[in-house]
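Commentary on secondary and tertiary structure
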Amino acid sequence: QVQLVESGGGLVQPGGSLRLSCAASGSIFSSAIMAWHRQAPGKQRELVAIIRDGGSTSYADSVKGRFTISRDSAKNTVTLQMNSLKPEDTAVYYCRLSQAYMDYWGKGTLVTVSP
């Protein structure tokens, strides 16, 4: 069984930065894909960034150049560095791990961008 715990959310002013972390525990394969999603009030959950086992990354157009995803495979952690935050980045951010045709989700951490 895989468990994911996110941390690092909070309130930040527009233009500010936050760093989200996700710690994975359990049986983690080296081939696991890890990602961050977010869900704003009244909207569907969307993919923000993904990092594959080889280290390649992809980002939603809305966050390219502002967000950076990285992982520490030895520690089974994935982070999301968020810079130049905008009010429209306000959402609950979820960590996802995918392996062996299964998706695992964390409970989410709230990010609020407001003056």
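Below you will find a few notes about this structure. (Residues numbered from 1 in each chain as written. Predicted model: local features only at pLDDT ≥ 70, side-chain atom pairs only at ≥ 80, totals over all residues. Heavy atoms only, no water.)

The next subject is the sheet that holds strand E8 (residues 77-82). The antiparallel open sheet is built from four strands, whose spatial order is E1-E3-E8-E7. Edge positions in the sheet fall to strand E1 (3-7) and strand E7 (67-72), since each of these pairs with one other strand and no more. Averaged over all pairs of adjacent strands, the angle between their axes in this sheet comes to 15°, without regard to strand direction. Examined bridge by bridge, E7 and E8 share six bridges and lie antiparallel to one another. By the bridge assignment for E8, isoleucine 69 is matched with leucine 80. (Pairing = 2+ DSSP bridges. Helix = DSSP H or I, 4+ residues; strand = E, 2+ residues; numbered from the N terminus. Axes fitted to C-alpha atoms, helices over the stretch in contact; angles between N-to-C directions.)

The next subject is the nonpolar core. With 30 residues, the main nonpolar core has Leu4, Met34, Trp36, Leu80, Met82, Tyr93 and Leu97 as its most contacted residues. Of all elements in the fold, only strand E3 (18-25), strand E4 (33-39), strand E5 (46-51), E7, E8, strand E9 (91-99) and strand E11 (109-113) reach the threshold of two or more residues within this core. (Core = buried A, V, L, I, M, F, W, Y, C linked by side-chain atoms within 4.5 Å. Buried < 20%, exposed > 50% of the residue type's maximum accessible area, 1.4 Å probe, protein only.)

A separate point is unusual backbone geometry. The phi dihedral of serine 84 is positive, around 50°, even though this residue is not glycine. At alanine 100, a position not held by glycine, the phi torsion is positive, near 50°. Positionally, alanine 100 belongs in the loop between E9 and strand E10 (102-105).

Pairing geometry for E4 and E5, over five bridges, is antiparallel. The partner of methionine 34 across the bridge, within E5, is isoleucine 51. Connecting the antiparallel pair E4 and E5 is a turn made up of six residues, with glycine 42 showing a positive phi of about 75°. Alignment of E5 against strand E6 (residues 57-59), held across three bridges, turns out to be antiparallel. Paired with alanine 49 across the strands is tyrosine 59, a residue of E6. In this structure, the hairpin formed by E5 and E6 is closed by a connection of five residues, where glycine 55 is found at a positive phi of approximately 100°.

Our next topic: the pairing of E1. Here E1 shows one buried face, formed by Leu4 and Glu6, and one open face, formed by Gln3, Val5 and Ser7. Two elements, E1 and E3, share five bridges in a ladder whose sense is antiparallel. Paired with glutamate 6 across the bridge in E3 is cysteine 22.

Looking now at the environment of leucine 47. As for its position among the elements, leucine 47 is in strand E5. On a C-alpha basis, the gap between leucine 47 and asparagine 76 in space is 20 Å, while along the polypeptide they are 29 residues apart. Beyond its immediate sequence surroundings of up to four residues, leucine 47 is in contact with Ala35, Trp36, His37, Ala60 and Arg96. (Contact = heavy atoms within 4.5 Å.)

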